[in-house]
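Below, each chain spelled out in residue letters.
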Amino acid sequence: MNRKKWKKLLILLLCLLFVQAPALHLVSPMQAAAASKKGLTVKKGNYYFYNAKGVKIKNKWKKVKGSYYYFGSNGAAVKGKNEMGMSVPAFKTIDGKKYAFDPEGKRMSGVVIKNNKLFVFDSGSGVYDASATRKLRKAAGNGQPAGTLKTLLASWVGKPLKEEVIGDSCYGDGQDVLWYYKNFIVSVFRPTKGNELVMGIMAA
């Protein structure tokens, strides 16, 4: 290739670079930063979700790695909080149905405790079940047969994760026992003779 053709090729390449260069500045730094955000993001303790275009979703449900989140009007996921080392769920009514969310913004299901009260949320949909809640609270009342409560809990959350015998009870001849579940603890009196009795429920 002679010198003349080389010059034409060089000029052509320079023209192409000149035409394309302005396009590089069409995207502002703010737009570029937004586009770089994708998926679930944590900012100042709140959870947000950005779609493939880097746009924050709002007023929508989103399933992320097997967990459901609800992102509100400001884009932040509804979430509970941690108080004194204990998880306190957040309740929110969405489209006329009540749901519970943990401190990480994940929708909860099964048995949930808040303010020392038990609530039942459907294991599939996560929707609050008022009828099941009333039934469970009755079984969890002070002095109720612990076996009845244990059977009910087994159908929603399974068996206790752990059982701990505290020692001789102040309630009478027997022992104080704790049943540990995922979100709560059941205090039980185990008499030397007779049936075990529920003595209280507390957050885990």
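Predicted model, so just to flag it, every value in this text is computed and none were measured.

Participant: Any chance you could explain the packing of aromatic side chains here in plain terms?
Facilitator: How two aromatic rings sit relative to each other is set out by the distance from centre to centre and by the angle between their planes. Applying the stated criterion across every chain yields a total of 11 aromatic pairs. Taking the centre distance of 5.3 Å and the plane angle of 65° together, the rings of Trp 61 and Tyr 70 count as edge-to-face. Classification of Trp 61 by relative accessible area gives partly exposed; the value is 29%. For Tyr 70, a relative accessible area of 10% gives the class buried. Seen in terms of ring centroids, Phe 91 and Phe 121 are 5.5 Å apart; in terms of plane orientation they differ by 55°. Their pairing is tilted. Note that Phe 91 is positioned in strand β7 (residues 90–94) and Phe 121 in strand β10 (residues 117–121), a separation of 30 residues in sequence. Phe 91 gets classed as partly exposed once you look at its relative accessible area, which sits at 24%. A residue is classified by how much of its surface remains accessible, and Phe 121, at 1% relative accessible area, is buried. Ring-pair connections join several aromatic residues into one group, and the members of that group are Trp 61, Tyr 70, Tyr 99 and Phe 101.

Participant: For this particular structure, what's the right way to read the confidence of the model for the protein?
Facilitator: Detailed reading of the predicted coordinates is not advisable wherever pLDDT falls low. Summarising the model, the protein shows a mean pLDDT of 86, and 82% of its residues fall at 70 or more. When the criterion is pLDDT under 50, residues 12–35 qualifies, and its contacts beyond four places in sequence or with other chains add up to 5 contacts.

Participant: Honestly, the layout of surface pockets in this entry has me stumped. Any pointers?
Facilitator: Using a probe with the size of a water molecule, rolled over the atoms, empty space left in the structure can be pinpointed. Roughly 280 Å³ of internal volume is contained in the largest pocket. Lining of the largest pocket is provided by 17 residues; of these, Met 108, Ser 109, Val 111, Lys 182 and Asn 183 occupy positions nearest its centre. Tallied by class, residues from the lining of the largest pocket come to 7 nonpolar, 5 polar and 5 charged. Glu 83, Met 84, Met 86, Ser 87, Val 88, Pro 89, Ile 113, Lys 114, Asn 115, Asn 116 and Ala 203 are the residues that line the second largest pocket. Looking at the lining of the second largest pocket, the elements that each hand over two or more residues are β6 (86–88) and β9 (110–114). Of the residues forming the lining of the second largest pocket, the biggest block, 3 residues, is contributed by β6. Its residues assigned to classes, the lining of the second largest pocket shows 6 nonpolar, 3 polar and 2 charged.

Participant: How should I be thinking about helix α4 (residues 146–157) in this particular structure?
Facilitator: In an α-helix, one turn spans 3.6 residues, which is why side chains three or four residues apart end up on the same side. Relative to the 16 Å expected for 12 residues at 1.5 Å per residue, α4 spans 16 Å between its end C-alpha atoms, a close match to the ideal helical length. All of the buried residues in α4 are Ala 146, Leu 149, Leu 152 and Leu 153. Buried residues of α4, viewed axially, fall in a sector of 130°; they line one side. For α4, the exposed residues lying more than 90 degrees away from the buried face are Thr 151 and Ser 155.

About the criteria used
Residues numbered from 1 in each chain as written. Predicted model: local features only at pLDDT ≥ 70, side-chain atom pairs only at ≥ 80, totals over all residues. Heavy atoms only, no water. Phe/Tyr/Trp six-rings, centres within 6.5 Å; stacked < 30°, edge-to-face > 60°. Buried < 20%, exposed > 50% of the residue type's maximum accessible area, 1.4 Å probe, protein only. Helix = DSSP H or I, 4+ residues; strand = E, 2+ residues; numbered from the N terminus. pLDDT = per-residue confidence, 0-100. Contact = heavy atoms within 4.5 Å. 1 Å grid on protein atoms, 1.4 Å probe; cavity = no way out; pocket = protein on both sides within 12 Å on 5 of 7 lines; lining within 4 Å. Points joined across faces, edges and corners; volume = space filled by probe spheres on them. Nonpolar A, V, L, I, M, F, W, Y, C, P; charged D, E, K, R; others polar. Expected span 1.5 Å × (residues − 1). Arc of directions from axis to C-beta.

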